[in-house]
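# Coordinate inspection notes
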Amino acid sequence: MTLRWVALASLVVNVVLVFTGGAVRLTGSGLGCPTWPKCTNSSYVTTSAMGYHGVIEFSNRIFGVLVGILVVVAVLLALLQPVRDRRQIGWSVAMLMTIPAQAVVGGITVLTKLNPWVVACHFLFSMVIIVVAYRMWLATREPGGPVRWLISAPVRALNWLLLVVTAVVLAAGTVVTGSGPHAGDATAHRTGLDPGMVAQLHADLVMLLIGLSVAWCFALWAIGAPRQTRRAGVVLVGVELAQGVIGFVQYFTHLPSLLVAVHLIGACAVWLAALRTQSAGRVREPEAAAEAVPAPTLPAAASAR
């Protein structure tokens, strides 16, 4: 139970980290700590000379440290379970490996003075981390046995297409961001692409995604899929529609920072809802006791001493 809560906390904090990263950009604090791994050339923490921009950027780095602590705790708890679960150990270690990788990408973002394409990679890698954190959380909630699918192979294929298009929509969103006004710093470069053109492309991809999601929902009803699977599809469509409304409003109101921040959280919500559609389409059978991996124990004689 403790591991489950730690895994959930890691997932939540990773989403919060995306939000704080957006706050860094929206407040123009992207170079509040102008170097990496130090905040300034002479200090690992922000200084009064860096002002509130330094506080905001350094706070985002602190959240990254918090994620790292939670992941280390998750790995230790997975290893110390009375009966070890290979999936829990595997996903927790995978989470641990993403921490230094994301830190390096963040460092490159700073050292390249917020190159918009590197910033985009920084965000998209956060989406990968959310996948790993989500799968780790699932591993603490499900039995460790084989998967039993609740939907047919063609419907599963449509669901995979849905996930791919969701990822493409997120990637297109980063291009829109990299072409718009919120650069993170007054000196940061933009992609040079026409903001209206890339925003239209992003909107077209969103419409495609919503259409695929609705089609997937109809397919679920057609095959008589379980209620939990159909509910996941309806939730996805609802989240997509809400995110689409926010996107249109922010575009026609000239990208106010507050709405952009809400849209950023909405992107995480869409991604998680899409991931949920896949996990809701299958169940795991209980694992046979013989297949469990017991944690090492001391011999009776040794434990008596």
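The following refers to the structure shown. (Residues numbered from 1 in each chain as written. Predicted model: local features only at pLDDT ≥ 70, side-chain atom pairs only at ≥ 80, totals over all residues. Heavy atoms only, no water.)

### A few points about the pattern of salt bridges
Enumeration according to the criterion identifies 6 salt bridges in this entry. A salt bridge links Arg-87 to Glu-142; the nearest nitrogen and oxygen atoms lie 3.7 Å apart. Highlighted residues: Arg-87 in helix H3 (residues 86-111) and Glu-142 in the loop between helix H4 (116-139) and strand S2 (147-149), separated in sequence by 55 residues. Between Arg-148 and Glu-285 there is a salt bridge whose closest N-O contact spans 2.6 Å. With Arg-148 in strand S2 and Glu-285 in the loop between strand S3 (282-284) and strand S4 (293-294), this residue pair connects regions lying 137 residues apart in the sequence. Through salt bridges with shared partners, a single network forms among Asp-85, Arg-87, Glu-142, Arg-282 and Arg-284. (Salt bridge = Lys/Arg side-chain N within 4 Å of Asp/Glu carboxyl O. Helix = DSSP H or I, 4+ residues; strand = E, 2+ residues; numbered from the N terminus.)

### A look at the packing of H4 against helix H5 (residues 153-179)
For any two helices packed against each other, the geometry comes down to the angle between their axes and how far apart the axes lie. Interhelical geometry of H4 versus H5 gives an angle of 145° and a closest axis separation of 9 Å. Every pair of crossing elements has a handedness; the one defined by H4 and H5 is right-handed. The segment H4 lies against H5, with Pro-116, Trp-117, Ala-120, Phe-123, Leu-124 and Met-127 engaging Leu-170, Ala-171, Thr-174, Val-175 and Gly-178. Split into classes, the residues belonging to the contact of H4 with H5 amount to 9 nonpolar, 2 polar and no charged. (Axes fitted to C-alpha atoms, helices over the stretch in contact; angles between N-to-C directions. Left-handed = near helix turned anticlockwise from the far one by under 90°. Contact = heavy atoms within 4.5 Å. Nonpolar A, V, L, I, M, F, W, Y, C, P; charged D, E, K, R; others polar.)

### Examining a nonpolar patch on the surface
Residues Val-72, Leu-76, Leu-79, Leu-80 and Leu-96 make up a contiguous nonpolar surface patch of about 430 Å² in total accessible area. When residues in the nonpolar patch are grouped by element, the largest group, 3 residues, is from helix H2 (residues 51-79). For Leu-79, the position within the fold is in helix H2. (Patch = residues over 30% accessible without salt bridge, like charges linked within 9 Å, V, L, I, M, F, W, Y side chains within 5 Å. Areas by Shrake-Rupley, 256 points an atom, 1.4 Å probe, with all protein chains shown as cover.)

### Details of the nonpolar core
Core analysis: the biggest nonpolar cluster contains 48 residues, and Val-18, Met-127 and Ile-130 have the highest contact counts within it. For this core, the element with the most residues is H4, which contributes 9 residues. If sequence neighbours within four positions are ignored, Met-127 has contacts with Val-18, Leu-170, Cys-268 and Trp-271. Judged by nonpolar contacts, the second largest core, of 5 residues, contains Leu-31, Val-110, Leu-114 and Ala-183. (Core = buried A, V, L, I, M, F, W, Y, C linked by side-chain atoms within 4.5 Å. Buried < 20%, exposed > 50% of the residue type's maximum accessible area, 1.4 Å probe, protein only.)

### Side note on the environment of Ala-225
Along the polypeptide, Ala-225 turns up in the loop between helix H6 (195-223) and helix H7 (227-252). Note on Ala-225: relative accessible area 4%, which makes it buried. Placed 139 residues apart in sequence, Ala-225 and Arg-86 show a C-alpha to C-alpha distance of 30 Å. What Ala-225 contacts, discounting residues up to four positions off in sequence, is Ile-151, Leu-220 and Arg-230.

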